[in-house]
Amino acid sequence: ELMRKSTSDGSETRIVIDAFGSVLFADIVSFTVYSTDMDPMNLVLVLNEMFSMHDTLATRMGVDKIKTLGDCYVAATGLLAPTPNHASLLVKFGIGMHDIMDKLNTKFDIHGNGPAGKDLRIRVGIATGTVVGGVVGLKKFLFDIWGDTVEQAETMESEGVPERVHVS
């Protein structure tokens, strides 16, 4: 459900969602260790290329990017618009993210040169359920989502095995 609420003077509209859908978290394996020795310009270049490739895939598949936080990519389906196949769509997106990582490793010659002498890899976690979302605060507005489903997706990612898509 998408709700709009205006203040008493009518000057502000808040958009809030209370919906059922699927949430994905994807995070680079051992990125803190890997990035410590990287040239800052190259680090931002790699992250920008990775997130741009994920954004392009998300747009093509109809997946909603929620945000990036450090090296973490958060996406969802079914929250902003009802989507009957939200979970399977997000799983396919997660698999596509792994394909993108292979292309990224080739483009930047990272194969075998990432964390622990491996390729740069991601872990992906997905959960399905109810989610609340909206924009809060007074500065640097950002739409965000909250709830058990979001926490479960993050746990599925953080406890997951690299190069797999983990589903709750």
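See the structure shown above.
Residues numbered from 1 in each chain as written. Predicted model: local features only at pLDDT ≥ 70, side-chain atom pairs only at ≥ 80, totals over all residues. Heavy atoms only, no water.

This paragraph deals with the environment of V124. With respect to the secondary-structure elements, V124 resides in strand β5 (residues 122-135). On the basis of relative accessibility, which here comes to 0%, the residue V124 falls in the buried class. Separated by 37 residues in the primary sequence, V124 and V161 place their C-alpha atoms 8.2 Å from one another. Sequence-distant contacts of V124, that is, excluding residues within four places in its chain, are made with L24, F25, A26, G94, H98, M156, E157, R164, V165 and H166. (Helix = DSSP H or I, 4+ residues; strand = E, 2+ residues; numbered from the N terminus. Buried < 20%, exposed > 50% of the residue type's maximum accessible area, 1.4 Å probe, protein only. Contact = heavy atoms within 4.5 Å.)

Moving on, we get to helix α4 (residues 148-158). Taken together, the buried positions of α4 are occupied by T149, V150, A153 and E157. End-on view of α4: buried residues confined to an arc of 105°, all on one side of the axis. Residues D148 and E151 are exposed on α4 and point more than 90 degrees away from its buried face. (Arc of directions from axis to C-beta.)

A word on the pattern of salt bridges. Applying the stated criterion to the full structure yields five salt bridges. Here E49 ties to K107 by a salt bridge, and the two come within 3.1 Å at their closest N and O atoms. With E49 in helix α2 (residues 40-61) and K107 in helix α3 (residues 86-107), the pair connects residues that are 58 residues apart, well separated along the chain. Accessibility expressed as a relative area gives 22% for E49, which makes it partly exposed. For K107, a relative accessible area of 55% gives the class exposed. Residue D144 pairs with K67 through a salt bridge whose shortest N-O separation is 3.1 Å. One end of the pair, D144, is in strand β6 (residues 143-146); the other, K67, is in strand β3 (residues 64-69), with 77 residues separating them in the sequence. Among the charged side chains, a salt-bridge network with shared partners connects D27, R123 and E157. (Salt bridge = Lys/Arg side-chain N within 4 Å of Asp/Glu carboxyl O.)

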